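What follows is each chain in one-letter form.
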Amino acid sequence: MNAPRTARFLSFEGGEAAGKSTQIRLLSERLRSTGLDVVELREPGGTPIGEKIRHLLKHDPDGHGMSPESELLLMNASRAELVRKVIRPALEAGRWVVSDRFFDSTTAYQGHGRGLDPLQVRAVIDIAVGPTRPDLTLYLDVDPATARQRLARRRGDQAVPDRFDEEKDAFFSRVRAGFESILATEPERIVRVDAGGDVATVADAVWRQLASRSWV
Ligand code: TMP
């Protein structure tokens, strides 16, 4: 019998409309087809407390005008819950975890986007996650023009824009610069995947990242 494969924690990052949820679904299906047990998650959210926080952060009219500091703390309250109630138990049970966003989103959105002090942002993230860090982060990169087109198409299909969708281009440029700086400082953990192509091409590029580490 083959030795059991080590459980891995993967996160996906990227701006709006980078195609994260589609890629996470395809990757999880493919991992399952090789016999792995996979937990798919999204942030903020993924626990009963986290889903309430998600609603407050994204859709609840009471969230409008929220201070950046509250946003930082709420994102990380949701994360603290997810790490302790779902991610650690899953990894301990040998399950793979694939998360739609994790702490890099806080660095990019609350740190760079909202302009909060990077040391304070890091301290709050540390409280939320402790030693639980992704083994690999896949940053799905699309150029802003393509993202805008996809977003416009999605808005046509779908209803209500959330509080983040309503931000201006300048905010998303800062977020993008935030991700670029994480890519530059932690190249061992976070890799760029060109997400401008069709779904199957991007899925292959994602799979190659895992295969090149002999994880699959
Ligand atoms: P999404 O599920 O559509 O990606 O929505 C989540 C939104 O929350 C998205 O606009 C990014 C934002 N976000 C942060 O600002 N900070 C964070 O730490 C996380 C996880 C998400």
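Structure: above.
Residues numbered from 1 in each chain as written. Predicted model: local features only at pLDDT ≥ 70, side-chain atom pairs only at ≥ 80, totals over all residues. Heavy atoms only, no water.

Caption draft 1: Layout of the side chain of R189. When you line up the elements, R189 lands in the loop between α7 (169-185) and β5 (190-194). A polar contact is formed between the side chain of R189 and the side chain of D104, at a distance of 2.8 Å. Among all residues touching R189, those that are not within four sequence positions of it are F103, D104, P134, D135, L136, T137 and I182. (Helix = DSSP H or I, 4+ residues; strand = E, 2+ residues; numbered from the N terminus. Polar contact = N/O pair within 3.5 Å; in protein donor to acceptor, adjacent residues only side chain to side chain. Contact = heavy atoms within 4.5 Å.)

Caption draft 2: Just the sheet that holds β5, in detail. Across the sheet, which stays open at both edges, the five strands sit in the order β2-β3-β1-β4-β5 with parallel pairing between neighbours. For this open sheet the edge positions go to β2 (38-42) and β5, each flanked by a neighbour on one side alone. For this sheet, the mean angle separating the axes of adjacent strands, direction not counted, is 20°. Looking at chain direction, strand β1 (residues 9-13) and strand β4 (residues 136-141) are connected through four bridges and run parallel. Opposite F12, over in β4, you have L138 as the bridge partner. (Pairing = 2+ DSSP bridges. Axes fitted to C-alpha atoms, helices over the stretch in contact; angles between N-to-C directions.)

Caption draft 3: Quick peek at the packing of helix α4 (residues 103-113) against α7. The contact between α4 and α7 brings their axes to 8 Å, and the two run at 130°. Judged by the inter-axis angle, α4 sits oblique to α7. Handedness of the α4/α7 crossing: right-handed. Counting all contacts with α4, which are made through D104, S105, T107, A108, Y109, H112 and G113, the residues of α7 involved are F171, F172, R174, V175, A177, G178, F179, S181 and I182. Across the contact of α4 with α7, the residue classes break down as eight nonpolar, six polar and two charged. (Parallel < 35°, antiparallel > 145°, perpendicular 65-115°, else oblique. Left-handed = near helix turned anticlockwise from the far one by under 90°. Nonpolar A, V, L, I, M, F, W, Y, C, P; charged D, E, K, R; others polar.)

Caption draft 4: Summary view of the site of the ligand. Neighbouring residues of the ligand: 14 residues in total, closest R54, K58, R101, T106 and Q110. Between the ligand and E16, the relevant distance is 3.3 Å, taken from an oxygen atom to a side-chain nitrogen or oxygen of the residue. Between the ligand and Q110, the relevant distance is 2.8 Å, taken from a nitrogen atom to a side-chain nitrogen or oxygen of the residue. Contact with the protein chains hides 93% of the accessible area of the ligand, taken as 480 Å² for the molecule alone. Most atoms of the ligand, that is more than half of them, are within 2 Å of grid points of the largest pocket. Elements supplying a minimum of two residues to the shell around the ligand: α2 (48-58), α3 (68-92) and α4. Sorting elements by how many residues they give to the shell around the ligand places α4 first, with four residues. (Near = heavy atom within 4 Å. Areas by Shrake-Rupley, 256 points an atom, 1.4 Å probe, with all protein chains shown as cover. 1 Å grid on protein atoms, 1.4 Å probe; cavity = no way out; pocket = protein on both sides within 12 Å on 5 of 7 lines; lining within 4 Å. Sits in = over half its atoms within 2 Å of the grid points.)

Caption draft 5: Summary view of unusual backbone geometry. The amide bond that connects E43 to the next residue, P44, takes the cis arrangement and shows omega of -10°. Locating P44 in the fold gives a position in the loop between β2 and α2. At S214, a residue that is not glycine, the phi angle is positive and equals roughly 60°. Among the structural elements, S214 can be located in the segment after α8 (199-211).

Caption draft 6: Examining the layout of surface pockets more closely. Volume-wise, the largest pocket comes out at about 710 Å³. Every element with two or more residues in the lining of the largest pocket is listed here: α1 (20-33), α2, α3, α4 and α6 (144-157). Looking at side-chain class alone, the lining of the largest pocket contains 10 nonpolar, eight polar and 13 charged residues. (Points joined across faces, edges and corners; volume = space filled by probe spheres on them.)

Caption draft 7: The packing of aromatic side chains, seen in detail. Going through the model one piece at a time under the given rule, you end up with seven aromatic pairs. Plain terms: the ring middles of F9 and F102 are 5.0 Å apart, the flat faces sit at 80° to each other, and that makes the pair edge-to-face. Of this pair, F9 sits in strand β1 while F102 sits in the loop between β3 (96-100) and α4, and the two are 93 residues apart along the sequence. Judged by relative accessible area, F9 falls into the buried class, the value being 1%. (Phe/Tyr/Trp six-rings, centres within 6.5 Å; stacked < 30°, edge-to-face > 60°. Buried < 20%, exposed > 50% of the residue type's maximum accessible area, 1.4 Å probe, protein only.)

Caption draft 8: The arrangement of the pattern of salt bridges in detail. One pass over the structure, following the stated rule, counts 19 salt bridges. Between R101 and E13 there is a salt bridge, with its nearest N and O atoms 4.0 Å apart. One end of the pair, R101, is in the loop between β3 and α4; the other, E13, is in strand β1, and 88 residues separate them in sequence. An identical accessibility class is assigned to R101 and E13; each is buried. Notably, a salt bridge pairs R133 with D126, separated by 3.0 Å at the nearest N-O pair. For R133, a relative accessible area of 36% corresponds to the partly exposed category. You can call D126 partly exposed: its relative accessible area is 36%. (Salt bridge = Lys/Arg side-chain N within 4 Å of Asp/Glu carboxyl O.)

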